[in-house]
Amino acid sequence: VTKRLGCKPFLFHTWTAFMEWLGLRDTISTLTLRRLVVQATLYSVWWERNNRFHNSISVSSAVTFSKIDRLVCNAILARRERKKFRNLMIHWLKYD
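Source: prediction; values computed, not measured.

(A) Focus on the overall build of the chain. Helix and strand counts for the chain come out as four helices and zero strands. Ordered by position in the sequence, the α and β elements of the chain form the string α-α-α-α. Summarising the internal contacts of the chain: among those between residues at least 6 apart in sequence, 51% fall at separations of at least 24. On the chain, roughly 7000 Å² of surface is accessible, and the fraction owed to carbon and sulfur atoms is 58%. When the 17 positive and 6 negative side-chain charges of the chain are each reduced to one mean point, those points stand 4 Å apart.

(B) Inspection of a nonpolar patch on the surface at higher detail. A surface patch of nonpolar side chains, about 380 Å² in accessible area, is lined by Tyr-43, Trp-46, Trp-47 and Leu-71. Counting residues per element, the nonpolar patch draws most heavily on helix H2 (residues 31–55), at three residues. Its location among the elements puts Tyr-43 in helix H2. By relative accessible area, which is 35% here, Tyr-43 ends up partly exposed.

(C) Main features of the packing of aromatic side chains. Scanning the entire structure with this criterion turns up five aromatic pairs. Judged by centre distance (5.6 Å) and plane angle (40°), the rings of Trp-15 and Phe-18 are tilted. One end of the pair, Trp-15, and the other, Phe-18, are both in helix H1 (residues 15–23), three residues apart, so they sit about a helical turn from each other. Measuring from ring centre to ring centre gives 5.7 Å for Tyr-43 and Trp-46, while their planes differ by 40°; the resulting arrangement is tilted. Of this pair, Tyr-43 and Trp-46 both sit in helix H2, three residues apart, which is roughly one turn of that helix. Note on Trp-46: relative accessible area 48%, which makes it partly exposed. Site record: aromatic cluster; members linked through ring pairs are Phe-12, Trp-15, Phe-18 and Trp-21. Above the ring of Trp-92, the side-chain terminus of Arg-4 is found at 4.9 Å from the ring centroid. Across from the ring centre of Trp-47, 3.5 Å away, lies the NZ or CZ of Lys-67, which sits over that ring.

About the thresholds
- Residues numbered from 1 in each chain as written.
- Predicted model: local features only at pLDDT ≥ 70, side-chain atom pairs only at ≥ 80, totals over all residues.
- Heavy atoms only, no water.
- Helix = DSSP H or I, 4+ residues; strand = E, 2+ residues; numbered from the N terminus.
- Contact = heavy atoms within 4.5 Å.
- Areas by Shrake-Rupley, 256 points an atom, 1.4 Å probe, with all protein chains shown as cover.
- Lys, Arg positive; Asp, Glu negative; His and termini not counted.
- Charge placed at Lys NZ, Arg CZ, Asp CG, Glu CD.
- Patch = residues over 30% accessible without salt bridge, like charges linked within 9 Å, V, L, I, M, F, W, Y side chains within 5 Å.
- Salt bridge = Lys/Arg side-chain N within 4 Å of Asp/Glu carboxyl O.
- Buried < 20%, exposed > 50% of the residue type's maximum accessible area, 1.4 Å probe, protein only.
- Phe/Tyr/Trp six-rings, centres within 6.5 Å; stacked < 30°, edge-to-face > 60°.
- Lys NZ or Arg CZ within 6 Å of the ring centre and 35° of its normal.

What follows is the structure in structure tokens.
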């Protein structure tokens, strides 16, 4: 996901590191897009965890990323008329 945002790949070993990354200001990705991606990632990881725990079914990381990608695209498209969301799709697809 960080690669898609144009950032260097980074492994988040702690919740604190994850939150620090979220709060960083940079010129590569907007804070709105990072927040959207974080929300989609957390939801997908939670969904995968519950699917493994309750149904004993797991999916590959590629499938999980596809789910995250679809969630982000849908969220951007649903809000494309709002000022903060107008150019987010371009940024999201820029580092494909």
